[in-house]
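# An overview of the molecular structure
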Amino acid sequence: MDSPWPGADAAADARRDVHERPPATTTGGAAAQHVPPGREPRTAAEPDADRWRILAVLLVAIFMSLVGVSIVNVGLPSIQEGLGASRTQIQWVLSGYALTFGVVLVAAGRAGDIFGRGFLFVLGVAVFTLASLAAGFASDPAVLTAARFVQGLGSGLLNPQGVGMIQQYFRGAERGQAFGLFGSVVGISVGVGPLLGGLLIHLGGAAEGWRWMFFVNVPLGVLALALAFAWFPRPLLRRGHGRTAAKVLSELDPVGALLLGTAVLALLLPFIEARAATSAWWWALLPAGAALLSAWLLWERRYRAAGRSPMVDLAIFRVRSFSYGSALIGLYFLGVTSVWVLLALYMQQGLGHTALESGLIGLPNALASALAANWAGRHVLRLGRAVVVGGMLSVLLGLALSVLVIQLEGRGIGSEWWLLATLVLVGLGQGAVVSPNQTLSLAEVPLEYAGSSGGIMQTGQRIGTSIGIAVVTAVSFTVLPTAGWAQAITAGFAMIAAVILCALAVGVADLRHRRRAGGRPA
């Protein structure tokens, strides 16, 4: 039996969605106790009438937070010129956001599970919007860095709630469609961000244009807040329902949250700071992070054994769909996010293009990703893991053809703008991997752990992203001095392809397991 929860094997066909049944009352909060199939209240099977409006609010905020990430990368030279920032200070403008975002994800997801996802979502949007305003008015690098830390906190609060609320309000095929639309917004925002950033810098000037990269978040944040207050079910804040303050604190598992947050911080910092001149001592944090992660796992086991509600019920890792999906997406992000870092370096430093021109190179990719995510969302329950496997094959083909373009350009017999076509294949694959994998991975996770489980997957993505960028760029910069840009980018892309092949192996293993288990693709 693959799942530790009763009935979860039958739930392998996600259209039954047995995990949507409300949990039975428990003394320890364990996720294992559920209402038996066929005995749930009628309301549990009825979809919320406002679910599509709720999704619209989520998508506005997710678009805002992701544009806020991708837009900054092209604006770093403008920030450096406008504020007179050093290279180390510029590094912290990026690092501050990544650190707080990654550290709070799981704890924020769990808090949403307990207090209400709508409340935590609104809080996250408000924090992100105010921090964006502060960043736009920053008078020196220290103020900007502090604002970026707070931005990361806001994004870390709102993102797990988005995943949890899709789990909460959508079922069966509609859930796949909702995650597909979610993926479409991700694709568009990641592609539009650099282009919008380049345009704002062009219009606002090299020294001050960067401020508008933060101000652009403010109207989006205000819109998301207004729609949330108008459309989200009440009450936003779920009160104790007779639980004592000590019981609520116990469910939050503050010791577990502190251990995991500190472990993630220790694991992220060395890779985020890998290119800093004084980075050698940061690597000592890696064994400390591993030790803290082990301590967290031990604490969570003992916490549950004592009859309490852990921040993360580790039994979810015995659900094959979740464990396979988490491993796959962590590996995938370890590789694929470095593609855009390398391309930005290649276009701007290697070929001398402007930030706006560099942003244009990813626009067809973003549109392809949005279309593919929407299509995959409608078909993922029918085709299952095969969608994800096919997506990774498309990414690998796109990378191979992109290397060919870069090599031809390096020999003077091709144009770098051919990348507009080859990167479409990467975009199609991206859309068929991320959201469909999320749908499949969370299909058997009980609703009361939807937020924290989504937070775990996103934390794995953040760690994978940080490690991948550090390692892949190190490979490219090692090759660059002796072989030139074409060979440096080729070496980096080869490293990315090797990692994606590992993710593909996980996807194929899950696909074979599902077929052996009964032939149901979803």
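Here's what I pulled together on the structure shown here. These figures come from a predicted structure and were not determined experimentally.

## Structural notes on the overall build of the protein
Within the protein one finds 19 helices and zero strands. Across the 522 residues of the protein, 55% fall into the buried class. When contacts within the protein are restricted to residue pairs at least 6 apart in sequence, those whose partners lie at least 24 apart make up 82%. Element-wise, carbon and sulfur atoms account for 68% of the exposed surface of the protein, whose accessible area totals about 20,100 Å².

## Brief notes about the environment of V72
Mapped onto the fold, V72 is located in helix α1 (residues 51-73). What makes V72 buried here is its relative accessible area of 0%. Considering only alpha carbons, one finds V72 and P194, 122 residues apart in sequence, at a separation of 7.6 Å. Ignoring sequence-local partners within four residues, the contact set of V72 consists of L94, R148, M213 and F214.

## As for the packing of α1 against helix α4 (residues 117-136)
α4 packs onto α1 with a crossing angle of 35° between their chain directions and a minimal axis gap of 11 Å. Handedness of the α1/α4 crossing: left-handed. Here V57, L58, A61, M64, S65 and G68 of α1 come into contact with α4, specifically with F121, V125, F128 and T129.

## Let's talk about the packing of aromatic side chains
This model, assessed by the stated rule, comprises 10 aromatic pairs. Pairing W210 with F214 gives two aromatic rings, centres 6.1 Å apart and planes at 80°, and the pair type is edge-to-face. Like W210, the residue F214 is buried in the burial classification. An aromatic cluster is present here, built from F137, W212 and F215 joined pairwise through their rings.

## Some words on the nonpolar core
Core analysis: the biggest nonpolar cluster contains 94 residues, and F121, F232, Y332, M392 and F493 have the highest contact counts within it. Residue contacts for F121: discarding those within four places in its chain leaves V57, L58, A61, L158, Q161, M165 and F232. By size, the runner-up hydrophobic cluster in this structure holds 18 residues, among which are V67, I79, A135 and F214.

## Quick word on a nonpolar patch on the surface
A grouping of L397, L401 and L404 is seen on the molecular surface, where their side chains present a nonpolar patch of about 250 Å² in accessible area. Looking at where L397 falls in the secondary structure, it is placed in helix α16 (residues 385-410). Of the residues examined, L397 reaches a relative accessible area of 45% and is grouped as partly exposed.

## Side note on the packing of helix α18 (residues 450-483) against helix α19 (residues 485-517)
How two helices sit against one another is set out by the angle between their axes and by the gap between those axes. Relative to each other, α18 and α19 sit at 155°, their axes nearing to 7 Å. On the basis of the axis angle, α18 is roughly antiparallel to α19. Considering how the two elements wind past one another, α18 and α19 form a crossing that is right-handed. Contact residues: V471, V472, V475, S476, V479, L480 and A483 in α18; W485, Q487, A488, A491, G492, M495 and I496 in α19. For the contact of α18 with α19, a count of residues per class yields 11 nonpolar, three polar and no charged.

## Quick look at helix α13 (residues 338-350)
If you check which residues of α13 are buried, you get S338, V339, L342, L343, L345, Y346 and M347. Turning to α13, the residues buried within the fold contact α12 (320-336), α14 (355-360), α16, α17 (419-441), α18 and α19. Among the residues trailing α13, G352 stands out with phi positive, at a value near 80°.

## Side note on the pattern of salt bridges
In a structure, side chains of opposite charge can pair up when their charged atoms sit close to one another. All told, the structure shown has five salt bridges when counted by the stated rule. Of the charged contacts, one joins R385 and D510 as a salt bridge, the two residues approaching to 2.7 Å between their closest N and O atoms. With a gap of 125 residues between them, R385 in helix α16 and D510 in helix α19 connect regions that are remote in the sequence.

## So, the side chain of S321
When you line up the elements, S321 lands in helix α12. Take S321: its relative accessible area is 3%, and that puts it in the buried class. Look past the residues within four positions of S321 in its chain and what remains in contact with it is R385, L440, S441, E444 and R514.

## A word on the environment of G377
Residue placement: G377 occurs in helix α15 (residues 363-383). C-alpha of G377 to C-alpha of G176: the two residues are 201 residues apart in sequence and 4.5 Å apart in space. Discounting chain neighbours no more than four positions away, the residues touching G377 are A173, G176, Q177 and G180.

## As for unusual backbone geometry
Trans is the prevailing form of peptide bonds, just as negative phi is the prevailing case for residues other than glycine. Omega for the bond connecting R234 with P235 falls within 30 degrees of zero, at -5°, which places this linkage in the cis form. Its location among the elements puts P235 in the loop between α8 (217-231) and α9 (245-252).

## A look at the side chain of E416
Note that E416 resides in the loop between α16 and α17. No salt bridge is formed by the buried E416; its nearest oppositely charged neighbour, R411, is found at 14 Å. With sequence-adjacent residues up to four places away left out, E416 is seen in contact with Y346, M347, L351, H353, I361, V405 and E409.

## Describing the environment of E251
Examined against the element boundaries, E251 turns out to sit in helix α9. Exposure remark for E251: the relative accessible area of 10% places this residue in the buried category. Between the C-alpha atoms of E251 and M311, which are 60 residues apart in sequence, the distance is 6.9 Å.

Analysis parameters
Residues numbered from 1 in each chain as written. Predicted model: local features only at pLDDT ≥ 70, side-chain atom pairs only at ≥ 80, totals over all residues. Heavy atoms only, no water. Helix = DSSP H or I, 4+ residues; strand = E, 2+ residues; numbered from the N terminus. Buried < 20%, exposed > 50% of the residue type's maximum accessible area, 1.4 Å probe, protein only. Contact = heavy atoms within 4.5 Å. Areas by Shrake-Rupley, 256 points an atom, 1.4 Å probe, with all protein chains shown as cover. Axes fitted to C-alpha atoms, helices over the stretch in contact; angles between N-to-C directions. Left-handed = near helix turned anticlockwise from the far one by under 90°. Phe/Tyr/Trp six-rings, centres within 6.5 Å; stacked < 30°, edge-to-face > 60°. Core = buried A, V, L, I, M, F, W, Y, C linked by side-chain atoms within 4.5 Å. Patch = residues over 30% accessible without salt bridge, like charges linked within 9 Å, V, L, I, M, F, W, Y side chains within 5 Å. Salt bridge = Lys/Arg side-chain N within 4 Å of Asp/Glu carboxyl O. Parallel < 35°, antiparallel > 145°, perpendicular 65-115°, else oblique. Nonpolar A, V, L, I, M, F, W, Y, C, P; charged D, E, K, R; others polar. Lys, Arg positive; Asp, Glu negative; His and termini not counted.

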